[in-house]
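This is what each chain is made of:
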Amino acid sequence: MKLHEFQAKEILAKYGVPVPPGKVAYTPEEAERIAKDYGKLVVIKAQVHVGGRGKAGGVKLAKPEESREVAGKILGMDIKGLTVKKVLVAEAVDIAKEYYAGLIIDRSSQRVVLMVSKEGGVDIEEVARTNPKAIVKYAIDPHKGLRPFEAREVVKKAGLEGNLNRLASAIVKLYNAFVGSDASLAEINPLVVTEQGEIIAADAKIDLDDNALFRHPDLAKLREVEAEHPLEIEASNYGFAYVKLDGDVGIIGNGAGLVMYTLDLVNRAGGKPANFLDIGGGAKADVVYNAVKLVAKDPDVKGIFINIFGGITRADEVAKGVIKALEEGLVKVPVVMRVAGTAEEEAKKLLEGKPIYLYPNSLEAAKAIVTMVGGAK
Amino acid sequence: MSILVNKDTRVLVQGLTGREGRFHAEQMIKYGTKIVAGVTPGKGGQEVLGVPVYDTVSEAVANHQIDASIVFVPAAAAADAALEAAHAGVPLVVLITEGIPTLDMVAAVKEIKDLGVRLIGGNCPGLISAEETKIGIMPGHVFKKGRVGLISRSGTLTYEAAAALSNSGLGNTTTVGIGGDPIIGTTFKDLLPLFNEDPETEAVVVIGEIGGSDEEEAAAWVKEHMKKPVVGFIGGRSAPKGKRMGHAGAIIMGDVGTPESKLKAFAEAGIPVADTIDEIVELVKKALS
């Protein structure tokens, strides 16, 4: 789960990382009031779950008397398909140096890895591509945590200039915030050294581990359903793993691997999937019924491909769910099915004479549905 | 022969009294798996499916010879349960549970490895040596004894590939579902050496997917050391960047985890890559002819 900058900064502040004073505004008037309270230059920043806000014009400096107009321009702005509904109004920082400090879970070393760079304030993925040596990486022992001496060594190695103890301390606190909130990514970019020598997190990003939200009810509440696709919200209520995609072939299958494979086959056949939907293991007819109902509801869907390999999931249960949805008239588009594995014969018997195109092979089924939705794109 | 487990492997079920644990324990017993004990804290002294239940793994270990444990404990307590088994001296721990907090796994994987214990999973279907033992949740009947080892990050797709290999007459030795999470106990490159030494395994199929770099690391190992043919498969080749495709680990982050990178690594290691499940069978046949 992604957090907004202001939420990430609240977490960092709780763990003692210095952040500039700032408040969230939903209207230009609110923004002006906040800026006038501070009585000095502020930075007004769009709060949307997408990178590249600055380049899109969503981050602007403003004097208190300009803040209303500037906030008015940013609010309502469209950044990469997302509408800006709120802005962070924060005291502008007196920047002397801009650095980068971030933590990720690295699959290869199977540890949390600290990354520190002198090249702050820019896209770190760009730095990784063009000047990888400028990023110093350090894998942290999960049982010992990040100790101050380790942070000092990384800071020195990365060539950061400024008060060494303060820089290291901010990084240790960033690690504490990462572990304490069960993050999957946490970064401060830029980590600023001010003209006065203070260390401050001028911008911050935190992604949380969805699997750990159950132990952070306060953070779980921050999920913004309006930022998600309505079908994704409905799917998550049903407990489906679902991703909305931009094609026109609805996809339903059992098991993430099989569903991914099914998307690949549709693509290979020249079609474009409208979604990823995994009904999970051991699904009964009612679960399948809900899945078909959900996918059929998507106005983009011109045909549905249901790909089932029965294991713990019984193919006949799947067939029953599909038939129920068809008989209730919920599906107005062609349905192609491929069933194999456990209870395959029973499923085929149930599906006999029903308005479903049954194929023995996944690739043939994929080709058929692509033809039915109007051929290869 | 097979790798890691065979018909004599004695198995402990952690979470035996729960719905999932009981259901799959019954399926495993039907398959022929030797389940000798179960553990559920607070339920010690009961008997489930004719198997004694203990409060702790160390009590179970004191009363039975245990070669492997399979864990069906809910996500919040799953990493702790795996650690309990490892500390009690169980040499192989199979963690089925889905949705375990990633940092729990970061800490547990290191500790379990430091103890010299092999962990498979989490978020995995387990492992099966065809017609000998299944320590997992896969449908046993699709696996026929044969010549091909199979390692996969997926569940259903694995069953499908195993069924295709069985139906073609090639059959399976041991199949290991390593799990779809970003941090897992055993990766492809940890298992390839075992298949390399197993006299019954003549070829190995590696079913990878987008996300991470396990496939690339496996390819590098194959290039240097593998004596037997390896056939690859990559799921999620058409998935968009940054979207989590069902598995927590199946996500492309920046330039890491892309299908292009995996296909390139396989090509450099001389590993033919199948585009469809049927093609896996064809490529294995070709490699063995």
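Residues numbered from 1 in each chain as written. Chains lettered and ligands numbered in written order. Predicted model: local features only at pLDDT ≥ 70, side-chain atom pairs only at ≥ 80, totals over all residues. Heavy atoms only, no water.

What follows concerns the overall build of chain A. Of regular secondary structure, chain A possesses 13 helices and 18 strands. Principal-axis analysis of the C-alpha atoms gives chain A an extent of 80 × 50 × 40 Å. Every one of the 377 residues in chain A was classed for burial, and the buried ones make up 54%. The long-range share in chain A, meaning contacts at least 24 apart out of those at least 6 apart in sequence, stands at 67%. Surface summary for chain A: the accessible area is close to 16,300 Å², and the carbon and sulfur share equals 51%. Looking at charge distribution, chain A has the averaged site of its 52 positive side-chain charges lying 2 Å from that of its 52 negative ones. (Helix = DSSP H or I, 4+ residues; strand = E, 2+ residues; numbered from the N terminus. Buried < 20%, exposed > 50% of the residue type's maximum accessible area, 1.4 Å probe, protein only. Contact = heavy atoms within 4.5 Å. Areas by Shrake-Rupley, 256 points an atom, 1.4 Å probe, with all protein chains shown as cover. Lys, Arg positive; Asp, Glu negative; His and termini not counted. Charge placed at Lys NZ, Arg CZ, Asp CG, Glu CD.)

With that out of the way, let us pick up the layout of surface pockets. Volume-wise, the second largest pocket comes out at about 300 Å³. Lining the second largest pocket are 18 residues, with Asn361 of chain A together with Glu160, Ala164, Ile277 and Asp278 of chain B sitting closest to its centre. Among the elements of the structure, strand 17 (335–341) and helix 13 (362–372) of chain A together with helix 5 (156–167) and helix 9 (277–288) of chain B are those that each provide at least two residues to the lining of the second largest pocket. Counted by class, the lining of the second largest pocket contains 9 nonpolar, 4 polar and 5 charged residues. (1 Å grid on protein atoms, 1.4 Å probe; cavity = no way out; pocket = protein on both sides within 12 Å on 5 of 7 lines; lining within 4 Å. Points joined across faces, edges and corners; volume = space filled by probe spheres on them. Nonpolar A, V, L, I, M, F, W, Y, C, P; charged D, E, K, R; others polar.)

Across chain B, the average pLDDT comes to 94, with 99% of residues at 70 or higher. As a predicted assembly, this complex carries a pTM of 0.92 together with an ipTM value of 0.91. (pLDDT = per-residue confidence, 0-100.)

Attention shifts here to the environment of Gly375 of chain A. Residue and element names in this part refer to chain A. Structurally, Gly375 is set in the segment after helix 13. Overall, Gly375 belongs to the buried group, its relative accessible area being 18%. Each C-alpha atom of the pair Gly375 and Gly271 lies 7.1 Å from the other, and the pair is 104 residues apart in sequence.

Our next topic: the interface of chain B and chain A. Counting residues at the interface gives 55 residues for chain B, matched by 49 residues for chain A. With both chains or domains summed, chain B and chain A bury close to 3,900 Å², and 60% of this area falls on carbon and sulfur atoms. If you look at where chain B meets chain A, you find 4 salt bridges. Lys110 of chain B is paired through a salt bridge with Asp141 of chain A; the nearest N and O atoms lie 3.9 Å apart. Scanning the region where chain B abuts chain A turns up 16 residue pairs in polar contact (both at pLDDT 80 or more). When contributions to the side of chain B that touches chain A are tallied by element, the ones reaching two or more residues are helix 1 (19–31), helix 4 (102–114), helix 5, strand 13 (230–235) and helix 9 of chain B. Take the side of chain B that touches chain A: its biggest share by element is 9 residues, from helix 4 of chain B. Counted by class, the side of chain B that touches chain A contains 24 nonpolar, 17 polar and 14 charged residues. (Buried area = accessible area lost by both parts, 1.4 Å probe. Salt bridge = Lys/Arg side-chain N within 4 Å of Asp/Glu carboxyl O. Polar contact = N/O pair within 3.5 Å; in protein donor to acceptor, adjacent residues only side chain to side chain.)

Moving on, we come to the sheet that holds strand 2 (residues 42–46) of chain A. Residues and elements named next belong to chain A. Here 4 strands make up an open sheet; going across it, the order is 1-6-2-3 and the pairing antiparallel. Two strands bound the open sheet, and with one partner strand each, they are strand 1 (22–25) and strand 3 (59–62). Averaged over all pairs of adjacent strands, the angle between their axes in this sheet comes to 25°, without regard to strand direction. Judged from the 4 bridges that link them, strand 2 and strand 3 form a sheet pairing that is antiparallel. Opposite Lys45, over in strand 3, you have Val59 as the bridge partner. Seen against the sheet, helix 2 (residues 28–38) touches strand 1, strand 2 and strand 6 (87–91) and runs at an angle of roughly 165° to strand 1. (Pairing = 2+ DSSP bridges. Axes fitted to C-alpha atoms, helices over the stretch in contact; angles between N-to-C directions.)

Below, the discussion takes up the environment of Val116 of chain A. Residues and elements named next belong to chain A. Along the polypeptide, Val116 turns up in strand 8 (residues 111–117). What makes Val116 buried here is its relative accessible area of 0%. Sequence separation between Val116 and Val136 is 20 residues; the distance between their C-alpha atoms is 5.3 Å.

On to the pairing of strand 13 of chain B, then. The element strand 13 of chain B is largely enclosed, with a buried count of 6 among its 6 residues. Residues Val230, Gly232 and Ile234 of chain B point to one face of strand 13 of chain B and Val231, Phe233 and Gly235 of chain B to the other, with burial holding for every one of them.

All names here are of chain A. One can describe the packing of helix 5 (residues 148–158) onto helix 6 (residues 164–180) by two numbers: an axis separation of 8 Å at closest approach and a directional angle of 115°. Helix 6 is crossed by helix 5, and the crossing has right-handed handedness. Here Pro148, Ala151, Arg152, Val155 and Lys156 of helix 5 lie close against helix 6, whose contacting residues are Leu164, Asn165, Leu167, Ala168, Ile171 and Val172. Per-class residue counts for the contact of helix 5 with helix 6 are 8 nonpolar, 1 polar and 2 charged. (Left-handed = near helix turned anticlockwise from the far one by under 90°.)

Attention now moves to the sheet that holds strand 12 (residues 203–209) of chain B. Residue and element names in this part refer to chain B. Pairing in this open sheet of 7 strands is mixed, and the strands run 9-8-11-10-12-13-14 from one edge to the other. The strands lining the two open edges of the sheet, one partner per strand, are strand 9 (133–136) and strand 14 (273–274). Of the strand pairs in this sheet, strand 12 and strand 13 are connected by 6 bridges, and their pairing is parallel. Residue pairing for strand 13: Ile207 is matched across the bridge by Phe233.

All names here are of chain A. You can see Ser181 is positioned in the loop between helix 6 and strand 10 (183–194). A relative accessible area of 4% means that Ser181 is categorised as buried. Ignoring anything within four residues of it in the chain, the contact list for Ser181 reads Ile11, Tyr15, Leu208, His216 and Leu219.

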